[in-house]
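Observations on the three-dimensional arrangement
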Amino acid sequence: MKVDPKGVLTGSYFLDGDHACCEGALAAGCRFAAGYPITPSTEVVERFAERIPLVGGIFIQMEDELASSIAILGASWAGLKSMTVTSGPGFSLMMEHIGLGAMLETPCVFVNVQRGGPSTGLPTLPGQADMMQARWGSHGDYELISLCPNSPQECFDFMIDAFNLSERYRVPVMFMMDECVGHMTEKVVIPPADQIEVVPRRYTTLPPEEYLPFKPDPDLVPPMVKVGDGYRFHVTGLTHDERGYPVMSAECQETLVHRLIDKIRRNARDIWIYEEDQVDGAEVVVISYGITHRVALRAVQMAREKGLKVGMMRLIVVWPFPEERIRQLADKVKAFVMPEMNYGQVVLELERCVAGKAKVLLAPHGGGTVHKPEQIYERIMEAAK
Amino acid sequence: MSTTELKIGGFGGQGVILSGIIIGKAATIFDNKSATLTQSFGPEARGSACSAQVLISDDQILYPYVTVPDIMVVMSQEAYTKFEPELDENGLLLIEKDLVKPKKPREKIKQFAIPATRIAEELGRKIVLNIVMVGFFTAMTGIISAKAMREAVKTTVPKGTEELNLKAFDRGYEYGMNLKKKGKAPK
């Protein structure tokens, strides 16, 4: 489906990642945002507040992050593409409603411009330490999707993917930026509206008397209804059957939660987005995501200049983790190096998938700035030994 | 061309970040180069030393931060004191003549000054001193074309102030070109 051209600010701009993220959301058709400003994500909602009246949508500055995160679920059920924006401390407060969004299968996007933590940490400086929180932060068992951009251009481009994935699979999508990408200003090209594809909401084709709100299609994703079209529906955070009504039994739990998990796991091949460079014949493969990828790329260039066969894999979708591909690579390479701005989060998944078949080296960084390329280069050289 | 690292320093409210935006925009949108702008500021917004850092390159920019600036533009004493030691030993230092009282420059540093505030005042608005500095930067470095810079000024400053800002740019640019003509500055 083509996008509503009203939201597409076609042209070339010198924009920061936060502003580009907002433009990506508007281009994707997002028409509702609720947020509680927090550095370094404030510019996203500032721009949204300024732009949305021109596009025919709504922005509400809510009283806090809990309110913001529940407002977007309501807006989504009312038929609008919606999102909220925050950073670490606010992300923690939103966990309750991320779980509710997973349970209610509500398409929406949570943007987290990561800063150094824990707690208030480093408001104006970058981190990548909320990655496991994006995966497991809310209680209960569920699967969501997370994406990591590495430039303002990607903040625009991948916001469209984020909304498309959330509509396609009816899940909250975590858009995991960081302060460096959010506050970095670079050239951003916004294409003409007719070159942007968006996934429309999946609405039921059944009449009201036959419709069951949580009865899935063969791909495990249930279609939604338009508010006001005469359908009866009920949503609850309690374990529910296909009618949407609470059923407190192990059988219903098994049916529902297993499907919530499987709708991502079984469709993972269609969800994964990653890039590879020279992994064939590589001795060492560097795997990275977000801003760290750019720095790692510099380190890889340095190692290649020394004659080392180094491949590069860059995760755009981090969750679900591309385990199938990692297992294939683990049979072929000597070692993996993963730099991240934390002391080991996504690398745990890498280790799990590599399962001892190759060395796995972490290049950790506490945040506050990005790695120096030399720090990653040294780990690559160590891995090649 | 390898990557040129630029740092612009001044006090918050002087238009330091806007200067960086104009230079980055000129490089990327109107001169077809790559540029990455980052900025550093503390919790305090105005009055203290702040800086804009711009990387300019013909290739893709990977590492996003300025490490050792090749060029530094300084508009306040505090920014001079704080940032000057970071400048590359062969670097180019451009300062606001009346706001910065520099020490004797390090041996190989090329240092030039412009009375940007006075020029801005002559134009009627002290606030355009940053654009005078941007014009001066354009003349003294030659890394971005004056045409691209003028376009960037015109499309970035608030509506209704384009003419004033372009005049400010031209005055800074001419001042720099005159220094060069007199053989006082590198060609």
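Residues numbered from 1 in each chain as written. Chains lettered and ligands numbered in written order. Predicted model: local features only at pLDDT ≥ 70, side-chain atom pairs only at ≥ 80, totals over all residues. Heavy atoms only, no water.

A word on the overall build of chain A. What chain A contains, in helices and strands, is 13 helices and 15 strands. Computed over the C-alpha atoms, the radius of gyration of chain A is 21 Å, within 12% of the 21 Å expected from 2.2 N^0.38 for a compact globule of 385 residues. With the principal axes as the frame, chain A shows a C-alpha extent of 70 × 50 × 40 Å. Expressed as a percentage of the 385 residues in chain A, the buried residues total 61%. For chain A, the share of sequence-separated contacts (at least 6 apart) that also reach a separation of at least 24 residues comes to 77%. For chain A, the accessible area works out to roughly 14,400 Å², and carbon and sulfur atoms hold 53% of it. Averaging the coordinates of the 38 positive side-chain charges in chain A and doing the same for the 50 negative ones gives two points 4 Å apart. (Helix = DSSP H or I, 4+ residues; strand = E, 2+ residues; numbered from the N terminus. Rg over C-alpha atoms; globule rule 2.2 N^0.38 Å. Buried < 20%, exposed > 50% of the residue type's maximum accessible area, 1.4 Å probe, protein only. Contact = heavy atoms within 4.5 Å. Areas by Shrake-Rupley, 256 points an atom, 1.4 Å probe, with all protein chains shown as cover. Lys, Arg positive; Asp, Glu negative; His and termini not counted. Charge placed at Lys NZ, Arg CZ, Asp CG, Glu CD.)

All right, on to the overall build of chain B then. The secondary structure content of chain B amounts to 6 helices and 6 strands. When the helices and strands of chain B are listed from N to C terminus, the series reads β-α-β-β-β-α-β-β-α-α-α-α. Over its C-alpha atoms chain B spans a radius of gyration of 15 Å, differing by no more than 12% from the 16 Å that the globule rule assigns to 187 residues. Over its C-alpha atoms, taken along the principal directions, chain B stretches across nearly 45 × 35 × 35 Å. Counting only residues that meet the buried cut, chain B has 52% of its 187 residues in that class. Partitioning the contacts of chain B with sequence separation of at least 6, the portion at a separation of at least 24 is 57%. Summing over all exposed atoms, chain B offers an accessible surface of approximately 8,400 Å²; the carbon and sulfur share of this is 51%. For chain B, the distance from the average site of its 26 positive side-chain charges to the average site of its 21 negative ones is 5 Å.

Okay, the side chain of asparagine 112 of chain A next. Locating asparagine 112 of chain A in the fold gives a position in strand β5 (residues 108-116). Within polar-contact distance, the side chain of asparagine 112 of chain A engages the side chain of aspartate 130 of chain A at 2.9 Å. (Polar contact = N/O pair within 3.5 Å; in protein donor to acceptor, adjacent residues only side chain to side chain.)

Attention shifts here to the packing of aromatic side chains. For any pair of aromatic rings, the description rests on two quantities: the centre-to-centre distance and the angle between the ring planes. All names here are of chain A. For the coordinates displayed, the defined rule picks out 7 aromatic pairs over all chains. A ring pair is formed by tryptophan 77 and phenylalanine 233, whose centres lie 5.2 Å apart and whose planes are at 20°; its orientation type is stacked. Taken together, the residues span a long stretch of sequence, with tryptophan 77 in helix α3 (residues 65-77) and phenylalanine 233 in the loop between β9 (185-190) and α8 (250-265) at a distance of 156 residues. On the basis of relative accessible area, phenylalanine 233 is assigned to the partly exposed category, the value being 31%. Aromatic side chains tyrosine 211 and tyrosine 231 sit 5.3 Å apart centroid to centroid with 85° between the ring planes, which places their arrangement in the edge-to-face category. Here tyrosine 211, found in the loop between β9 and α8, pairs with tyrosine 231, found in the loop between β9 and α8; they are 20 residues apart in sequence, far enough to count as distant. (Phe/Tyr/Trp six-rings, centres within 6.5 Å; stacked < 30°, edge-to-face > 60°.)

Facing 19 residues of chain B, the contacting portion of chain A comprises 23 residues. Interface area, chain B with chain A, both sides summed: about 1,600 Å², of which 64% is carbon and sulfur. Its largest share of buried area at the contact with chain A, chain B owes to Leu62, Tyr63 and Tyr65 of chain B, together 37% of the area lost on that side. At the junction of chain B and chain A, the tally comes to 0 salt bridges. Between the two partners, chain B and chain A, sit 5 residue pairs in polar contact (both at pLDDT 80 or more). No other element matches the 6 residues that helix α1 (residues 16-30) of chain B contributes to the side of chain B that touches chain A. When grouped by side-chain class, the residues that make up the side of chain B that touches chain A number 10 nonpolar, 8 polar and 1 charged. (Buried area = accessible area lost by both parts, 1.4 Å probe. Salt bridge = Lys/Arg side-chain N within 4 Å of Asp/Glu carboxyl O. Nonpolar A, V, L, I, M, F, W, Y, C, P; charged D, E, K, R; others polar.)

Our focus in this paragraph is the nonpolar core. Residues Met83 and Ile380 of chain A are the most contacted members of the largest nonpolar core, which totals 122 residues. With 9 residues, the top contributor of residues to this core is helix α6 (residues 152-169) of chain A. Mapping this core onto the domain boundaries places at least three of its residues in each of domain 1 (2-195) and domain 2 (274-383) of chain A. What methionine 83 of chain A contacts, discounting residues up to four positions off in sequence, is Ala25, Cys30, Phe32, Ala33, Ala34, Val44, Phe48, Ile72, Val109, Val111, Met159 and Phe163 of chain A. By size, the runner-up hydrophobic cluster in this structure holds 45 residues, among which are Phe14 of chain A together with Ile8, Ile71 and Val128 of chain B. (Core = buried A, V, L, I, M, F, W, Y, C linked by side-chain atoms within 4.5 Å. Domains from an automatic or database assignment.)

This next bit is on helix α1 (residues 17-28) of chain A. One turn of the α-helix equals 3.6 residues, which is why residues spaced by three or four share an orientation. All names here are of chain A. The terminal C-alpha atoms of α1, which comprises 12 residues, lie 16 Å apart, in line with the 16 Å expected from a rise of 1.5 Å per residue. With respect to burial, α1 is a largely interior element, 11 of its 12 residues being buried. Inspection of α1 places Gly17, Asp18, Ala20, Cys21, Cys22, Glu23, Gly24, Ala25, Leu26, Ala27 and Ala28 among the buried residues, and these make up the whole buried set. Where α1 begins, the side chain of aspartate 16 points an oxygen toward the backbone nitrogen of aspartate 18, at a separation of 3.1 Å. (Expected span 1.5 Å × (residues − 1).)

Per-residue pLDDT for chain B averages 93, and the proportion of residues at 70 or more is 94%. Here the predicted complex scores 0.96 on pTM and 0.94 on ipTM. (pLDDT = per-residue confidence, 0-100.)

Let us look at the domain arrangement of chain A. Residues and elements named next belong to chain A. Split by domain assignment, chain A resolves into domain 1 (2-195) and domain 2 (274-383). When each unit is reduced to the centre of its C-alpha atoms, the spacing between domain 1 and domain 2 is 26 Å. Of the residues lining the interface, 27 residues belong to domain 1; the matching set on domain 2 comes to 23 residues. Both faces combined, the contact of domain 1 with domain 2 buries some 1,900 Å², and carbon together with sulfur accounts for 58% of it. Among the residues of domain 1 in contact with domain 2, Gln128, Met132 and Asn150 are the three that bury the most area, contributing 33% of the side total.

With that settled, consider the pairing of strand β6 (residues 122-126) of chain A. Residue and element names in this part refer to chain A. Where β5 and β6 come together, 2 bridges link them in antiparallel fashion. Looking at the pairing, arginine 115 lines up with proline 126 of β6. Counted between consecutive antiparallel strands, the loop separating β5 from β6 contains 5 residues, among which serine 119 sits at a positive phi close to 55°. (Pairing = 2+ DSSP bridges.)

Our focus in this paragraph is the environment of threonine 10 of chain A. Residues and elements named next belong to chain A. Relative to the helices and strands, threonine 10 resides in the segment before β1 (11-16). For threonine 10, a relative accessible area of 42% puts it in the partly exposed group. The sequence separation of threonine 10 and alanine 193 amounts to 183 residues, and the corresponding C-alpha distance is 7.2 Å. Each residue touching threonine 10, except ones within four places of it in the same chain, is listed here: Ile190, Pro191, Pro192 and Ala193.

Pairing between sheet strands relies on hydrogen bonds along the backbone, with the strands arranged either parallel or antiparallel. All names here are of chain A. Strand order in the open sheet formed by 5 strands is β10-β12-β11-β14-β15, with mixed pairing between adjacent strands. Edge positions in the sheet fall to β10 (274-277) and β15 (359-364), since each has one partner strand and no second. Pairwise comparison of adjacent strand axes, ignoring direction, gives a mean angle of 20° for this sheet. Relative to strand β12 (residues 310-315), β10 runs antiparallel, the two being bridged by 4 bridges. By the bridge assignment, aspartate 277 is partnered in β12 with methionine 312. (Axes fitted to C-alpha atoms, helices over the stretch in contact; angles between N-to-C directions.)

All names here are of chain A. Here helix α13 (residues 373-384) contains 12 residues, and its C-alpha end-to-end distance of 17 Å stays within 8% of the 16 Å for a straight helix at 1.5 Å per residue. Taken residue by residue, α13 has Pro373, Ile376, Tyr377, Ile380, Ala383 and Ala384 as its buried positions. Taken down its axis, α13 places every buried residue within 120° of arc, on the same side. In this fold, the buried residues of α13 make contact with β11 (284-289), α10 (291-305), β12, β14 (335-340) and β15. (Arc of directions from axis to C-beta.)

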